Amino acid sequence: MDDDRILERERQQIELLRELDFEELQVEEVEDDSADDDDDDLAAFRATHTRLSDNLGADELIFNPDVASLHTYLGEVEDTQNRIASVDGGTVLKLPLFYLEGVVLFPESTLPLRIIQSSFLAAVERALNQTNAPCTIGVIRVYREDHQFKYATVGTTAEIRQYRRLSDGSYNVITRGQQRFRLKRRWTDVEGFPCGEVHIADEDVPLRTPRDAFGKLVPISNLRSRCHSSKMPVSTPHRDTDEQSVANSEESFESGLTPSEKRLHYSAVDSIMDDWTSSDDDQVASTSNIQSSRSRSYRSSMSSGCSGQYDRNEEGEYANGKTPVSQEKDQNQNRLTSLRGKSDLNRFRMAPRAFWPFWVYRTYDSYHLAQRAADLWKQIIGVPNMEAVVNKPDILSFFIASKIPVSESIRQELLEIDGVSYRLRREIELLESFDRVRCKHCQTVIARRSEMLVMSSDGPLGAYVNPHGYVHEIMTFYKANDIALRGRPVLKDSWFPGYAWTIANCATCETQLGWLFTAANKKLKPSSFWAVRSSQVADDMR
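Residues numbered from 1 in each chain as written. Predicted model: local features only at pLDDT ≥ 70, side-chain atom pairs only at ≥ 80, totals over all residues. Heavy atoms only, no water.

**Student:** Lay out the overall build of the protein chain with the relevant residues and their values.
**Tutor:** A tally of helices and strands in the protein chain yields 17 helices and 18 strands. Relative to its full complement of 542 residues, the protein chain shows a buried share of 47%. Partitioning the intrachain contacts of the protein chain with sequence separation of at least 6 by distance along the chain shows that 68% fall at a separation of at least 24. Of the roughly 28400 Å² of accessible surface on the protein chain, a fraction of 46% belongs to carbon and sulfur atoms. (Helix = DSSP H or I, 4+ residues; strand = E, 2+ residues; numbered from the N terminus. Buried < 20%, exposed > 50% of the residue type's maximum accessible area, 1.4 Å probe, protein only. Contact = heavy atoms within 4.5 Å. Areas by Shrake-Rupley, 256 points an atom, 1.4 Å probe, with all protein chains shown as cover.)

**Student:** Can you explain unusual backbone geometry? Please cite residues and give values.
**Tutor:** Each neighbour pair has its own omega, and for K525 with P526 the value is 0°, a cis peptide bond. The backbone of D146 sits at a positive phi, close to 55°, despite the residue not being glycine. Here D146 shows up in the loop between β5 (136–145) and β6 (148–151). A relative accessible area of 64% means that D146 is categorised as exposed. The phi angle at D482 is positive, at roughly 55°, despite the residue not being glycine. Relative to the helices and strands, D482 resides in the loop between β13 (471–477) and β14 (483–490).

**Student:** I'd like to hear about the side chain of T175, residue by residue, with values.
**Tutor:** Along the chain, T175 falls in strand β8 (residues 171–188). Given a relative accessible area of 1%, T175 falls into the buried group. Of the polar contacts made by the side chain of T175, one reaches the backbone oxygen of L111; its length is 2.8 Å. Apart from the residues lying within four places of it in its own chain, the contact partners of T175 are S109, T110, L111, L113, A158, E159, I160 and R161. (Polar contact = N/O pair within 3.5 Å; in protein donor to acceptor, adjacent residues only side chain to side chain.)

**Student:** Run through the packing of aromatic side chains, naming residues and quoting values.
**Tutor:** Enumeration over the complete set of coordinates arrives at 14 aromatic pairs. The rings of F63, Y464, W495, F496, Y499, W515, F517 and F529 are connected pair by pair, giving a single aromatic cluster. Over the aromatic face of Y364 sits the side chain of R425, whose NZ or CZ is 4.6 Å from the ring centroid. (Phe/Tyr/Trp six-rings, centres within 6.5 Å; stacked < 30°, edge-to-face > 60°. Lys NZ or Arg CZ within 6 Å of the ring centre and 35° of its normal.)

**Student:** Help me get a handle on the pairing of strand β7 (residues 154–165), residues and values and all.
**Tutor:** Sheet analysis places strand β2 (residues 78–79) next to β7, joined by two bridges and oriented antiparallel. Residue pairing in the sheet places E78 in a bridge with Y163 of β7. Taken together, the four bridges between β5 and β7 define a ladder with antiparallel strand orientation. Residue pairing across strands places I137 opposite A158, the latter belonging to β7. Relative to β8, β7 runs antiparallel, the two being bridged by ten bridges. Paired with T156 across the two strands is R180, which belongs to β8. Joining the antiparallel neighbours β7 and β8 is a turn of five residues, in which G169 adopts a positive phi near 95°. (Pairing = 2+ DSSP bridges.)

**Student:** Report on the environment of P393, specifying residues and quantitative values.
**Tutor:** Turning to its location among the elements, P393 is positioned in helix α15 (residues 393–403). Beyond its immediate stretch of four places on either side in the chain, P393 contacts P206, S366, Y367, A370, V420 and L424.

**Student:** Could you give an account of the pattern of salt bridges, with specific residues and numbers?
**Tutor:** Going through the model one piece at a time under the given rule, you end up with 20 salt bridges. Between K150 and E145 there is a salt bridge, and its shortest N-O distance comes to 2.9 Å. Assessed through its relative accessible area of 32%, K150 is described here as partly exposed. Judged by relative accessible area, E145 falls into the partly exposed class, the value being 34%. One salt bridge connects R438 with D540, and the closest N-O pair in it is separated by 3.9 Å. Here R438 is found in strand β10 (residues 436–438), whereas its partner D540 is found in the segment after β18 (528–533), with 102 residues between them in sequence. (Salt bridge = Lys/Arg side-chain N within 4 Å of Asp/Glu carboxyl O.)

**Student:** Any chance you could break down the sheet that holds strand β15 (residues 499–506) for me, citing the residues and the numbers?
**Tutor:** Spatially, six strands are ordered β12-β13-β18-β16-β15-β14 in an open sheet, and the strand pairing comes out antiparallel. One side of each edge strand has no neighbouring strand; the edge strands of this open sheet are β12 (461–465) and β14. Ignoring which end each strand starts from, the neighbouring axes of this sheet average 35° apart. Judged from the seven bridges that link them, β15 and strand β16 (residues 512–519) form a sheet pairing that is antiparallel. Each bridged residue has a counterpart across the sheet, and for Y499 the counterpart in β16 is A519. (Axes fitted to C-alpha atoms, helices over the stretch in contact; angles between N-to-C directions.)

So, in structure tokens, the structure goes:
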């Protein structure tokens, strides 16, 4: 959110929070037995939807998460000019590269930078003045493996939206992710900063279940009529206009099948139809047992010479004109038809004319997956609300990938996935399995999903930069376990105005996991929360 779009009341809130920096810091030590206080803080924080009280003079002051997303700790910044929205997929660009450890940038997400080194200062100058892609840099994740630095091959272009050159010559920069790219080659420029030749990803278009393809396929009733000599009466479900307009087009799909493929297709359709009508219904099994017992009774009666409905007349013909075998077949057929009439086959008939069942195609319907992912996000994470982008599956997939509180290696995996539906399927899997946060080095459980607390309007995970230029992606919790504090609280350069930060290490392996943030003013709620670095989180989230 830009400064000119902030409401006047929010401006007052920011100023009020900044004034807290000059107050005397009074921090109470947070112990495990303060769980009740934490729960009260969490309830108050969520009940007010993380908004400050309308009356700024009230006893309690609720932290405004919009402030954190503004990165006010960077000071005043200026908007850049002559920016371009995007370039065509497949375009090859030469860009200054920023290698960031512990950071995975996605399209549409914010990345703050603090540029101190002279070589990277030159890189920013180059980006601001280049003509082929003005105000654009490339961001690549770098990671350690076997005591060596390695570079990811897929990254994201970042557009410099705002910047400020300080008196010491350094830059404060706010960028925004634009497009994925694949790194083709890299080198060091004569001015000392890394450069690379990148190939902009050609993103696929989100797809719905292919109705056009279904329209060219044979209706299931016609397929069944070809599989059986007699047609079975079935109730016609309600269809939309697309289905009605193509219900009679039978030749286009079958014309492309060989005789063996047709037999396989008919067999598969027949098997699926029977499963839908009988596999999950206890009455079907009961009917089958009754049917088999009647068959055995019939054979027994015939073998013993008993007379009944199958008696022949003097001319040797059966009374009803049908043999016992054909009568039994008719009875079986009638029972199956009756069961099908009572079964809810509407879901099966929604798209029955395809080679595979309808649910198979739904698993790759980008819009269906987007709605499912948004529902899971609302249920598990809560905020921010995804409804605004649920009809844009490509944007939604990147949005969830950039905010989902998982390890950086899993987020890099999400970045490298080509295809909206594949990325959404993986995100749904992660949301369903996400339960615990563990230390990457010793696997100690340090937090749980239920203890998550969103402190920024950007979401539960965000990127922040410290005064030395190191960027950290953090996820926030109102409670954490097995963490030891090191040093005293510091209010200066805090990412969350009005909160002091204290270094937090894993109590088991002593790795720095993040920070404890404590309110400088007892009126500010929540009174404390934990920020855990995603780079120190294990891949196993179960």
